[in-house]
Amino acid sequence: AADLCGIDKVYRIGGVQAIGAMAYGISPLAKADKLFGPGNQYVTMAKQLVSRQGIAIDMPAGPSEVLVMADETADPTFVAADLISQAEHGPDSQVILLCLSEEFLQTVLVELDLILETLPRAEMARKSLDNSIGIVLKDTDEMLAFSNEYAPEHLILSVDGASEAANGVVNAGSVFIGNYSPESAGDYATGTNHTLPTNGYARAYSGLTTQSFMKTIQYQELTPNGLMDLGPDVIRMAEEEGLDGHARAVSVRLKKIRNEKF
């Protein structure tokens, strides 16, 4: 990927020290204008600190989280596996299950125990699960309302009519539709970026995209006739704000166009 993009230098660095080195340009690293990518709570804080000094960052992307919406059409084994896939990230990750019956919730809990028996990162996953919750709600609409309020990083829709339910999603980093769309596929293969807003930031931020690496510049050019049309309105708005200098920058030009004396 780097070769296709013409990138000929790759540095194997990470952590808070990498954020500092790239933000301030510690040799051999050049000073960066934008810093993107996920990290732990310390990396997230470091990115937010350097962003105060003119460095653009993608978003506050911290510990991973997933919310699974499941109804009677969901496979409890699939659901448990999806929850574990995020819980194994670290003890500060959070997973949430929304379902429609206590029976389904208990079945998922049994499946979780079975997975943990053979999971290499079981101890870490258990700590995460201690910070996680399962909630029984009455229908898909209620689950969507909860999810939109929580604004999860990853949202898995394991419900009947998942595509239709996706239309009701307002706040989420990345949405996985249907029983055969595991979050792991988004991490590695589907083509979406998995640098996503966490901790409720999906209410205000989007996930990382190619557009994040770009910026825009605004240009405008007025002809004398154009300034004649817009000028009076600009002068009036400037004067209403008490910014006479702004108004004068227009009025002197209008006088020039009209051959009036300054």
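Residues numbered from 1 in each chain as written. Predicted model: local features only at pLDDT ≥ 70, side-chain atom pairs only at ≥ 80, totals over all residues. Heavy atoms only, no water.

Some thoughts on the layout of surface pockets
Just so we agree on the cut-off: Buriedness for pockets is judged along seven lines, at least five of which must meet protein on both sides within 12 Å for an open set on the 1 Å grid over protein atoms alone, while cavities are sets there where a 1.4 Å probe fits but cannot get out, and lining residues have an atom within 4 Å of a point. Grid points are joined across faces, edges and corners, and a volume is the space filled by probe spheres set on the points. In DSSP terms, a helix is any run of H or I states spanning at least four residues, a strand is any run of E spanning at least two, and both are numbered starting from the N terminus. In this count, Pro and Cys sit with the nonpolar residues alongside Ala, Val, Leu, Ile, Met, Phe, Trp and Tyr, while Asp, Glu, Lys and Arg are called charged and the others, Gly among them, polar.
In this structure, the largest pocket occupies an estimated 970 Å³ of space. The set of elements that each furnish at least two residues to the lining of the largest pocket consists of helix H1 (15-24), strand E1 (34-35) and helix H2 (41-50). Here the element with the most residues in the lining of the largest pocket is H1; it accounts for four residues. The residue inventory of the lining of the largest pocket, partitioned by class, reads 18 nonpolar, six polar and five charged. One number sums up the size of the second largest pocket: a volume of about 460 Å³. As for the second largest pocket, its lining consists of 24 residues, of which Ser64, Gln86, His89, Asp187 and His194 are closest to the centre. Secondary-structure elements contributing two or more residues to the lining of the second largest pocket are helix H3 (76-87) and helix H8 (183-188).

Here we look at the environment of Ala145
Here Ala145 is to be found in helix H6 (residues 140-150). It is 8.6 Å that separates the C-alpha atoms of Ala145 and Val169, two residues lying 24 residues apart in sequence.

So, the sheet that holds strand E5 (residues 133-136)
Which entries qualify depends on this criterion: Only strands joined by at least two bridges in the DSSP assignment are considered to pair. Lines are fitted to the C-alpha atoms to define the axes, a helix being fitted only along its stretch in contact, and any angle between axes, read from their N-to-C directions, falls within 0 to 180 degrees. Should any heavy atoms of two residues lie within 4.5 Å, those residues are counted as being in contact.
Spatially, five strands are ordered E5-E4-E3-E6-E7 in an open sheet, and the strand pairing comes out parallel. The two strands at the open ends of the sheet, each matched to only one other strand, are E5 and strand E7 (174-177). The mean inter-strand angle of the sheet, taken between neighbouring strand axes irrespective of direction, is 15 degrees. The pairing of strand E3 (residues 65-70) with strand E6 (residues 154-158) spans five bridges and is classified as parallel. Its bridge partner lying in E6, Leu67 is registered against Leu155. Of the strands in this sheet, E3, strand E4 (94-99) and E6 touch H3, which is tilted by about 170 degrees from E3.

Regarding the packing of helix H9 (residues 224-240) against helix H10 (residues 244-257)
Selection criterion: Should an angle fall under 35 degrees it is called roughly parallel, over 145 degrees roughly antiparallel, and 65 to 115 degrees roughly perpendicular, with every other angle called oblique. Note on convention: near helix rotated counterclockwise from far helix by under a right angle means a left-handed crossing. Clockwise means right-handed.
Contact geometry for H9 and H10: axes closest at 9 Å, N-to-C directions at 150 degrees. It follows from the interaxial angle that H9 and H10 lie roughly antiparallel. Seen from above, H9 lies across H10 with left-handed handedness. Within the contact between the two elements, H9 uses Pro224, Leu227, Met228, Gly231, Pro232, Val234, Ile235, Ala238 and Glu239 and H10 uses Asp244, His246, Ala247, Val250, Ser251, Arg253, Leu254 and Ile257. Here the residues of the contact of H9 with H10 are counted per class, giving 11 nonpolar, three polar and three charged.

Things to note about H1
Filter applied, for reference: Any residue under 20% of the maximum accessible area for its type is buried, any over 50% is exposed, and the rest in between are partly exposed; the area is computed with a 1.4 Å probe on protein chains only.
All of the buried residues in H1 are Ala18, Ile19, Ala21 and Ala23. Of the residues one or two after H1, Gly25 is the one with positive phi, at around 75 degrees.

Here's the deal with a nonpolar patch on the surface
Quick note on the threshold: To count toward a patch, a residue needs a relative accessible area over 30% and no salt bridge; like charges are then connected within 9 Å, while nonpolar side chains (Val, Leu, Ile, Met, Phe, Trp, Tyr) are connected within 5 Å. In this description, accessible areas are obtained by the Shrake-Rupley approach with a 1.4 Å probe, and a residue is regarded as covered only by the protein chains that are shown. For this document, the term salt bridge refers to a Lys or Arg side-chain nitrogen within 4 Å of an Asp or Glu carboxyl oxygen.
A contiguous nonpolar patch, built from Leu222, Leu230 and Val234 and spanning about 240 Å² of accessible area, is present on the exposed surface. Looking at the element boundaries, Leu230 is found in helix H9.

Describing the packing of aromatic side chains
Each aromatic ring pair is summarised here by two numbers: the centre-to-centre distance and the angle between the ring planes. Stated formally: Put simply, two rings from Phe, Tyr or Trp (the six-membered ring, in Trp's case) pair if the centres are within 6.5 Å, and we call them stacked under 30 degrees between planes, edge-to-face over 60, tilted for the rest.
Summed over all chains, the structure comprises three aromatic pairs. Ring geometry for Phe78 against Tyr180: centres 5.5 Å apart, planes inclined by 75 degrees, an arrangement best described as edge-to-face. Of this pair, Phe78 sits in helix H3 while Tyr180 sits in the loop between E7 and H8, and the two are 102 residues apart along the sequence. Assessed through its relative accessible area of 30%, Phe78 is described here as partly exposed. Owing to a relative accessible area of 71%, Tyr180 belongs among the exposed residues under this scheme. Between Tyr201 and Tyr205 the ring centres are 5.8 Å apart and the planes differ by 75 degrees, which places this aromatic pair in the edge-to-face class.

Comments concerning the pattern of salt bridges
What the rule picks out here adds up to one salt bridge. With a shortest N-O distance of 2.7 Å, Asp58 and Lys47 are connected by a salt bridge. With Asp58 in the loop between strand E2 (56-57) and E3 and Lys47 in helix H2, this pair connects stretches of sequence that are 11 residues apart. Accessibility assignment for this pair places Asp58 and Lys47 in one class, buried.

Everything listed here is a matter of geometry and, on its own, says nothing about what the molecule does.
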